[in-house]
Amino acid sequence: MKRERATRLLGDMIIRLEQGGWPLSLVDEVYVFGSYVRGALEPNDVDVVVEHGTDKRWLGESLHASINGRDAYVGMRQALRGRTRGISFQFRGRDSLRAEGFDLFLLWRRGEPLSVARDRLTSLKEDRSAGTAPRDHVLTAFQGVESLVPRPARIELFKRHVTGRVRITQLTLRDGYPADEEIAWHVRRRWVETSPLRRVAACALVTLEAEGVDLNSVVLHGKRLFGRGQPERCFVGLGWSGFGHMGRRLDVGCSWLEVMRPHTTKPMDALFVQPVRR
């Protein structure tokens, strides 16, 4: 991504924060770190850390998301970045990143004049000698798709892999629909024909079928397949929306297939994470 576009994304985010509204009214501070702060002309993405509080509504919706296997931060990400992509968010990670030695640049703080945040953004100048830093916590299984794996996911998967708790395989999804007509009907009923999620869900199930996974035990994007009552054995995540619950599911022996970038026509890559029995 060009630096000009990254700057525009951050400027738009500052405006949204100033406009407020829930859940942005919960945000206390926003920090930027990584290659953009160092002045890179073409950062891979913009790394942002968001510190926020909670209220009764946040706690209720977070609990509901947890029960249904969804990511509680989907709404806050969308509120911060709108319909654009290019910003990689970490939530409540300020202290842990500082402990790892990362330099965090304060961009926005609640209660300060809007001009302060804009001046801070303007102060971040380009540096032609600053390249993009190599990503940390990278595994062989991430090769070619590193930019599609958020840093918190890389850290989680890296730790589990190096301690021998999971086996990670990169897969290219197969096109088509599952042979089971009832399961294929579930996919068609759940998403309209033009939705990229319909295609990616069907392709994910076909791929799992080829890997020998019993589709009766699959949780597809937070929901069980229609009419199935088997124990959960595999979770299909689409675009990391359920990542917050990956660790808990892996701990109980559930596999995880994460499709990183759903698309209506292009080939799609996925990471297949399988817990290793001890």
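First, a word on scope: everything that follows refers to the structure included in this document. The structure displayed is predicted, hence computed values, not measured ones.

## Here we look at the packing of aromatic side chains
Argument step 1. Taken as a whole and assessed by the stated rule, the structure comprises 7 aromatic pairs.
Argument step 2. Taking 6.3 Å as the distance between ring centres and 55 degrees as the angle between the ring planes, the aromatic pair formed by W22 and W58 counts as tilted. In this pair, W22 is assigned in the loop between α1 (3-19) and β1 (27-33) and W58 in helix α3 (residues 56-67), connecting sequence segments 36 residues apart.
Argument step 3. Judged by centre distance (6.1 Å) and plane angle (80 degrees), the ring pair of W240 and F243 falls under edge-to-face. As far as the burial class goes, W240 and F243 line up, both buried.
Argument step 4. In textbook terms, an aromatic cluster arises when at least three aromatic residues are bridged by ring pairs, as seen for W22, W58, Y73, F89 and F91.
Argument step 5. One Lys or Arg, R188, reaches over the ring of Y177 and ends 4.0 Å from the middle of that ring.

## Overview of the environment of R128
Argument step 1. Inspection of the secondary structure puts R128 in the loop between α6 (114-123) and α7 (151-162).
Argument step 2. C-alpha separation for the pair R128 and E42, spaced 86 residues apart in sequence, amounts to 9.7 Å.

## Some details on the state of the cysteines
Argument step 1. Per the counting criterion, the structure on display carries 0 disulfides.
Argument step 2. Of all cysteine sulfurs, the one in C254 lies closest to C234, which takes part in no disulfide; the gap is 6.0 Å.
Argument step 3. Looking at C234, the relative accessible area reads 1%, which means it is buried.
Argument step 4. Given the relative accessible area of 3%, C254 is considered buried.

## A few points about the sheet that holds strand β8 (residues 234-238)
Argument step 1. A sheet is described by the order of its strands in space; here 6 strands give the open sequence β5-β10-β9-β8-β6-β7, paired in mixed fashion. At either margin of the open sheet sits one strand with a lone partner, and together these are β5 (166-172) and β7 (223-224).
Argument step 2. Each of β5 and β10 (269-275) touches α7; the most contacted strand, β5, lies at about 125 degrees to it.
Argument step 3. Docked against the sheet, helix α9 (residues 196-210) engages β5, β6 (218-220), β8, β9 (255-259) and β10, running at close to 150 degrees with respect to β8.

## A word on the side chain of H245
Argument step 1. Along the chain, the position of H245 falls in the loop between β8 and α10 (246-251).
Argument step 2. In this structure H245 comes out as buried when scored by relative accessible area, which is 10%.
Argument step 3. Side chain to side chain, H245 and R248 meet in a polar contact 3.3 Å long.

## A look at the layout of surface pockets
Argument step 1. There is about 340 Å³ of room inside the second largest pocket.
Argument step 2. Lining the second largest pocket are 19 residues, and of these G253, Q274, P275, V276 and R277 lie nearest its centre.
Argument step 3. For the lining of the second largest pocket, the elements supplying multiple residues, two or more each, are α10 and β10.
Argument step 4. Broken down by element, the residue count for the lining of the second largest pocket peaks at 3 residues, all from β10.

## Regarding the packing of helix α8 (residues 181-190) against α9
For any two helices packed against each other, one specifies the inter-axial angle together with the distance between the axes.
Argument step 1. Look at α8 against α9: their axes get within 9 Å of each other, and the N-to-C directions meet at 160 degrees. Here α8 lies roughly antiparallel to α9, going by the angle between them. Regarding α8 and α9, the two cross each other, and that crossing is right-handed. Taking contact as the criterion, the partners of I183, V187 and R188 in α8 are, on α9, R198, A201, A202 and L205.
Argument step 2. Partitioned by chemical class, the residues of the contact of α8 with α9 number 5 nonpolar, no polar and 2 charged.

## Points about the packing of α1 against α6
Argument step 1. Contact pair α1 / α6: the axes reach a minimum separation of 11 Å and the direction vectors enclose 170 degrees. Relative to α6, α1 is oriented roughly antiparallel. Note on packing geometry: the crossing formed by α1 with α6 is right-handed. Counted together, T7, L10, G11, I14, I15 and E18 of α1 and L114, A117, R118 and L121 of α6 form the full contact between these two elements.
Argument step 2. Grouping the constituent residues of the contact of α1 with α6 by class yields 6 nonpolar, 2 polar and 2 charged.

Rules used throughout
Residues numbered from 1 in each chain as written. Predicted model: local features only at pLDDT ≥ 70, side-chain atom pairs only at ≥ 80, totals over all residues. Heavy atoms only, no water. Phe/Tyr/Trp six-rings, centres within 6.5 Å; stacked < 30°, edge-to-face > 60°. Helix = DSSP H or I, 4+ residues; strand = E, 2+ residues; numbered from the N terminus. Buried < 20%, exposed > 50% of the residue type's maximum accessible area, 1.4 Å probe, protein only. Lys NZ or Arg CZ within 6 Å of the ring centre and 35° of its normal. Disulfide = S-S within 2.5 Å. Pairing = 2+ DSSP bridges. Contact = heavy atoms within 4.5 Å. Axes fitted to C-alpha atoms, helices over the stretch in contact; angles between N-to-C directions. Polar contact = N/O pair within 3.5 Å; in protein donor to acceptor, adjacent residues only side chain to side chain. 1 Å grid on protein atoms, 1.4 Å probe; cavity = no way out; pocket = protein on both sides within 12 Å on 5 of 7 lines; lining within 4 Å. Points joined across faces, edges and corners; volume = space filled by probe spheres on them. Parallel < 35°, antiparallel > 145°, perpendicular 65-115°, else oblique. Left-handed = near helix turned anticlockwise from the far one by under 90°. Nonpolar A, V, L, I, M, F, W, Y, C, P; charged D, E, K, R; others polar.

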